[in-house]
Amino acid sequence: MSSIIQSDQVFNNEVSFCKVYSKESKKILEERFLANRISYYIDWQDKSFLQRIFGADKDKIVCTIRINRADVDRARELVSGLEDIKIRDFSDKRKNSKNKPKKK
């Protein structure tokens, strides 16, 4: 009897979906994802020492939201209209580069 699990299989389908720059937008995004059953991971970016000392706006943040690749289209619809969020471009650049002729 052979094993179902093989050592060379990879199941990581997580992608960096967007960057969020305010606490309010992050809160709204989390509520929408939870209501629509989209799992996510927040990757926080640390502020530098000078940003912590001289940063005037305490509501400004920088974090990356990571989601499953299968949920990208649904998540894009949920995020539309929110401010302080930059969605990553998911167009496949590798397919486009194969069709272009190489420069000599």
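Placed above this text is the structure.
Please read all numbers here as calculations on a predicted model, not as lab measurements. (Residues numbered from 1 in each chain as written. Predicted model: local features only at pLDDT ≥ 70, side-chain atom pairs only at ≥ 80, totals over all residues. Heavy atoms only, no water.)

K.L.:
Account for the packing of aromatic side chains, naming residues and giving values.
P.N.:
What the rule picks out here adds up to two aromatic pairs. Plain terms: the ring middles of phenylalanine 17 and phenylalanine 33 are 6.3 Å apart, the flat faces sit at 55° to each other, and that makes the pair tilted. With phenylalanine 17 in strand β1 (residues 14–22) and phenylalanine 33 in helix α1 (residues 23–35), the pair connects residues that are 16 residues apart, well separated along the chain. Where phenylalanine 33 meets tyrosine 40, the ring centres are 5.9 Å apart and the plane angle is 50°; that geometry is what we call tilted. The buried category is assigned to phenylalanine 33, whose relative accessible area is 1%. (Phe/Tyr/Trp six-rings, centres within 6.5 Å; stacked < 30°, edge-to-face > 60°. Helix = DSSP H or I, 4+ residues; strand = E, 2+ residues; numbered from the N terminus. Buried < 20%, exposed > 50% of the residue type's maximum accessible area, 1.4 Å probe, protein only.)

K.L.:
Now, about α1: what can you tell me, with residues and values included?
P.N.:
Since there are 3.6 residues in each turn of an α-helix, residues three or four apart along the chain are aligned in direction. Compared with an ideal rise of 1.5 Å per residue, which puts 13 residues at 18 Å, α1 spans 18 Å between its outermost C-alpha atoms and is within 8% of the ideal. Considered for burial, the residues of α1 that qualify are Ser25, Lys26, Leu29 and Phe33. Along α1, the residues classed as buried sweep out an arc of 100° about the axis, all on the same side. Away from its buried face by more than 90 degrees, α1 exposes Glu24, Leu34 and Ala35. Buried residues in α1 make contact with β1, β2 (40–44), β3 (60–68), α3 (72–79) and β4 (85–87). (Expected span 1.5 Å × (residues − 1). Arc of directions from axis to C-beta. Contact = heavy atoms within 4.5 Å.)

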